[in-house]
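This is what each chain is made of:
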Amino acid sequence: MDTLRDLLNWRSLRWKIAVLVAVACCAIALTVGILVHLSTLARSLNDGRSKAVTQLSQDVQDYERDGAPPDALRMPPGAMPDELLRRLGDPQGLRDGYATWYDGDGPGDHPSMWAAQTYRGSPVAVEVDMTSDLLTRRALDRHMWKYSLVALAVVVPLSALAAELPNRRLRRVARTAHRIAAGDLAARTAAGRGSDEIAEISATVDSMADSLLGRLLAEQRFTADVAHELRTPLMGLVIASGLLPEGEATDLVRDRVGVLRTLVENLLEISRLDAGAERADVGPVPLAEAVGESLARTGLQTQLTTAGALSAETDPRRLDRIVANLVVNAHRHGRAPVEVEVAGTCVTVRDHGPGFSRELLADGPQRFRTGASERGRGHGLGLTIALGQAQVIGASLSFANAPDGGAVATLRLPAAD
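Residues numbered from 1 in each chain as written. Predicted model: local features only at pLDDT ≥ 70, side-chain atom pairs only at ≥ 80, totals over all residues. Heavy atoms only, no water.

Chemist: Help me understand helix 4 (residues 131-162), please; the structure alone is not making it clear to me.
Modeler: For an α-helix, 3.6 residues make a turn, and residues three or four places apart therefore share a direction. An ideal rise of 1.5 Å per residue puts 46 Å on 32 residues; helix 4 measures up with 46 Å between its terminal C-alpha atoms. Within helix 4 the residues assigned to the buried category are Thr131, Asp133, Leu134, Arg137, Asp141, Met144, Leu152, Val156, Ser159 and Ala160. Taken together, the buried residues of helix 4 touch helix 2 (13-66), strand 1 (99-103), strand 3 (122-129) and helix 5 (164-181). (Helix = DSSP H or I, 4+ residues; strand = E, 2+ residues; numbered from the N terminus. Expected span 1.5 Å × (residues − 1). Buried < 20%, exposed > 50% of the residue type's maximum accessible area, 1.4 Å probe, protein only. Contact = heavy atoms within 4.5 Å.)

Chemist: Would you take a moment to explain the side chain of Asp315 for this structure?
Modeler: Counting through the fold element by element, Asp315 comes out in the loop between strand 6 (311-314) and helix 9 (316-333). Side-chain polar atoms of Asp315 contact the backbone nitrogen of Asp281, separated by 2.9 Å. A polar contact of 3.1 Å, which involves the side chain of Asp315, links it to the backbone nitrogen of Arg317. With residues near it in sequence (within four places) discarded, Asp315 still touches Arg279, Ala280, Asp281, Val282 and Ile393. (Polar contact = N/O pair within 3.5 Å; in protein donor to acceptor, adjacent residues only side chain to side chain.)

Chemist: Could you clarify how one ought to interpret the pairing of strand 8 (residues 346-350) in this entry?
Modeler: Of all five residues in strand 8, five are buried, a share of seventy percent or more. Judged by which residues are buried, strand 8 turns out to be covered on both faces: Cys346, Thr348 and Arg350 on one side and Val347 and Val349 on the other are all buried. For strand 7 (residues 339-343) and strand 8, the ladder comprises five bridges, and the chain directions are antiparallel. Directly across from Ala343, in strand 8, lies its bridge partner Cys346. Linkage of strand 7 to strand 8, two consecutive antiparallel strands, is achieved through a turn of two residues, within which Gly344 is found at a positive phi near 65°. Relative to strand 10 (residues 407-412), strand 8 runs antiparallel, the two being bridged by five bridges. (Pairing = 2+ DSSP bridges.)

Chemist: I'm lost on the sheet that holds strand 10 in this one. Help?
Modeler: Within a beta sheet, neighbouring strands are joined by backbone hydrogen bonds and run either parallel or antiparallel to one another. Pairing is mixed across the open sheet formed by five strands, whose spatial order is 5-7-8-10-9. Since the sheet does not close on itself, it has two edges, and those belong to strand 5 (303-307) and strand 9 (396-401), each with one partner. Between one strand axis and the next, the sheet turns by 15° as a mean value, whatever way the strands run. The sheet contact formed by strand 5 and strand 7 spans five bridges and is parallel. Bridge assignment links Thr306 to a residue of strand 7, and that residue is Val342. (Axes fitted to C-alpha atoms, helices over the stretch in contact; angles between N-to-C directions.)

As structure tokens, this is what we get:
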């Protein structure tokens, strides 16, 4: 179906090349046709002029040899074309003493070539029929047009087929670029050797992918290294905060240390997800019970609705992580009430706040990008982790805004056998 759609796309490069070839062929055929027509016409007129002059000269010689009456050679001036008489009276219109004129307006497509000279003070002329030459030229013109159209009907499809190879290479480059834009930085065009423009574009796309992959790996290594380096002194802070005497200042310190610990743990989890080191331990899980336990562990006021909930084939620990992150994000950045619905193997988390930003809906969650400012501040790691964990367990996580307001996150899990 895609191949047929590409074939019928008149805006594709294939048809543009075919149209260009067709226009070039038409221009060449028209130019050659005009040149051949003019050359054939000039040769026909030259031959007709020679034939008329020869016939007039022969008639004059026969008259002089046979001694025919003088009127036998003469033609009434009224029977001669006016242009022929004008040329006969003009010395510049004579060639070797003869005046010639091609009368192409003869009745019934019967043109004539006239030749005249002044003989014994009076004009004498002959008329040569040029119908056969006219028919020959017309037949030649018809053959030229016919075979030009035949050649065009052959050349245009062949040019479209010949354009398929570069089109295929360009489509491969475009598909690779789309994969890279979608996040598959391991995609390559496999252009091979070549020195044309398409090979240069392919090499540039591959080089761009290599550069992006290198920068992404460097960013992932930096995130993992920072998280690991912070973990050791952070554990010391956690232990030290636990030894402080109870008081308002101690509670504040413990709260900030807890926030910092959560951030570091999130960074470590993201680094593992980026490195592909996470492996799911899947099994049949009663979805309604698992979601209810996750909501209870968050300690947040959330409305749970179950309608025909089934068992899902998933990792319960990672499922708990996803649901908890979605619910916490809804409470932190949305407005109450926060509602969770379990239907079949689908979990929907909705708040009644300003909704997700257009950037998040278009590009998905990004770390350290909080989206809409009206949804509050944050580091953007919660939704990023939820999306990464969903990919690990083979689930799909989508984001949308409700028509009457509020953000909606939908988790779809594979059903258990």
